[in-house]
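Now for the letters of each chain:
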Amino acid sequence: MREKLLHRIASFPRIELIHRPTPMRKLAAITAELGGPEIWIKRDDLTGIAFGGNKSRKLEYILPDVLAKKADVLVTWASLQSNWAMQTAAACARYGIKPVLVLFKTYDLPPEPDGNILLDRILGAEIRYREAAKGKIVTQDFALAAANEAAAEYRVLGKKTYIAPVGGSMPSADMDRPLGAVSYVDAFAEMLVQTQAAGFTPNAVVHSTGSGATQAGLLVGAKALAPQTRVVGISVSDEKEPFAQIVWDITEALENELKLDPVTMRDDVLVFDEYIREGYGIVNKEVAEVIRRVFTREGIVLDPVYTSKAFIGMLDLIDKGYFKPADKIVFFHTGGTPALFPNRQKLMEFLD
Ligand SMILES: *Cc1c(COP(=O)(O)O)cnc(C)c1O
């Protein structure tokens, strides 16, 4: 199964954007504080392009599709301080493709050049700000109209456009295959080599889930390579249902694309929505405190939108006995640290 799967993955065109393997190590101080389970961290925040993160893994498989379709303008959408938008802009810039970012005001941060917006601006991305309801990532139907409008303006100028879905997740718009998710099957395999070198197969992988492809990829990787490893997604925006269905749709498309006999079942999609708290991108005291805790104990910086909430979720699930003291868990750090800076006011308010 392993060879067959890796062979299939290797058949996808990929550009080199990241350093691989990303590092993995045990969170020794936090593990000791908790008295178990043993927590390891997979540093996908250190992928290497811009400030790193899970989107750069996805873009290694998505950019070849953009290049194959000969696009000179890439349009995508996301929230204001989006890691996806920034990493996409960085990857596009390297290949001479103009990035057009439709950024929705899904939380109350000013659209000033700070954090990812500063990086977008340095890269020379075109940014179109749009109003949106607060506390949730915008739905595809809502966002696609604005993306189509931007793309149409460029097509009139004779440009070839490529509309990429938010997060590089759901096969849609011009990305008609689950290319983002493919990269996380690969990431699971990469992690498994590392855990096995360290003498174990994890009982669970915990990560932050937002648009779904990271979870779908990790899940297919787990089911194919280490079926005893649970993949636990901590949602930062959408409720368990219908979000688990989104992950499932990507998972089915992924298995189909990889020409795998189905290895996953709908019930394998594990989503916890209890840790969304006040809503997507909203920083609270718990977020500020977990960032301080992991930073002071381990020297590792979590982000305020995704990985902090996933870490809070993991700690709570340990507390509730969902994870057992003898378990070994790999926590995927999926990046997002530039968003710390535009959130400085809230972070300081809760930490002072
Ligand atoms: C996008 C993102 C996620 C979620 O990944 P999805 O594949 O969109 O579910 C997690 N963490 C960070 C830092 C992200 O930017």
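Below: a short report on this structure. (Residues numbered from 1 in each chain as written. Predicted model: local features only at pLDDT ≥ 70, side-chain atom pairs only at ≥ 80, totals over all residues. Heavy atoms only, no water.)

With respect to the overall build of the protein chain
- Along the protein chain, the regular secondary structure elements total 12 helices and 10 strands.
- Scaling as 2.2 N^0.38, a compact globule of 352 residues should have a C-alpha radius of gyration of about 20 Å, and the protein chain matches this with 19 Å.
- Taking all 352 residues of the protein chain together, the buried fraction comes to 60%.
- Considering only intrachain contacts with a sequence separation of at least 6, the fraction spanning at least 24 residues in the protein chain is 80%.
- For the protein chain, the exposed surface amounts to about 13,500 Å²; the carbon and sulfur share of it is 54%.
- Both charge centroids of the protein chain, one from 42 positive and one from 44 negative side chains, sit 3 Å from each other. (Helix = DSSP H or I, 4+ residues; strand = E, 2+ residues; numbered from the N terminus. Rg over C-alpha atoms; globule rule 2.2 N^0.38 Å. Buried < 20%, exposed > 50% of the residue type's maximum accessible area, 1.4 Å probe, protein only. Contact = heavy atoms within 4.5 Å. Areas by Shrake-Rupley, 256 points an atom, 1.4 Å probe, with all protein chains shown as cover. Lys, Arg positive; Asp, Glu negative; His and termini not counted. Charge placed at Lys NZ, Arg CZ, Asp CG, Glu CD.)

What about the packing of helix α7 (residues 179-197) against helix α8 (residues 213-225)?
- α8 packs onto α7 with a crossing angle of 45° between their chain directions and a minimal axis gap of 7 Å. Judged by the angle between their axes, α7 and α8 are oblique. Judged by the sense of rotation from one axis to the other, the crossing of α7 with α8 is right-handed. Seen from α7, the contacting residues are Gly180, Ala181, Tyr184, Val185, Phe188, Ala189 and Leu192; seen from α8, they are Ala213, Thr214, Ala216, Gly217, Leu218, Val220, Gly221, Ala222 and Leu225.
- Split into classes, the residues belonging to the contact of α7 with α8 amount to 12 nonpolar, four polar and no charged. (Axes fitted to C-alpha atoms, helices over the stretch in contact; angles between N-to-C directions. Parallel < 35°, antiparallel > 145°, perpendicular 65-115°, else oblique. Left-handed = near helix turned anticlockwise from the far one by under 90°. Nonpolar A, V, L, I, M, F, W, Y, C, P; charged D, E, K, R; others polar.)

Overview of the pairing of strand β2 (residues 38-43)
- For β2, the buried fraction is high: six of the six residues fall into the buried class.
- Burial of β2 is two-sided: the residues Glu38, Trp40 and Lys42 facing one way and the residues Ile39, Ile41 and Arg43 facing the other way are all buried.
- Bridge count between strand β1 (residues 24-26) and β2: three bridges; the pairing is antiparallel. Pairing of Arg25 across the sheet is with Ile41, part of β2. (Pairing = 2+ DSSP bridges.)

Things to note about the site of the ligand
- Residues in close proximity to the ligand total 16 residues, the closest being Lys55, Lys58, Ser211, Thr214 and Thr334.
- Between Asn54 and the ligand, the recorded distance is 2.9 Å, taken from a side-chain N or O atom to an oxygen atom.
- Separating an oxygen atom of the ligand from a side-chain N or O atom of Asn83 is a distance of 2.8 Å.
- For the ligand, whose accessible area on its own is 380 Å², the fraction buried by protein is 98%.
- Listed by contribution, the elements that provide at least two residues to the shell around the ligand are α3 (54-68), β7 (204-209) and α8.
- The dominant element in the shell around the ligand, judged by the number of residues it contributes, is α3, at three residues.
- Partitioning the shell around the ligand into residue classes produces two nonpolar, 12 polar and two charged. (Near = heavy atom within 4 Å. Polar contact = N/O pair within 3.5 Å; in protein donor to acceptor, adjacent residues only side chain to side chain.)

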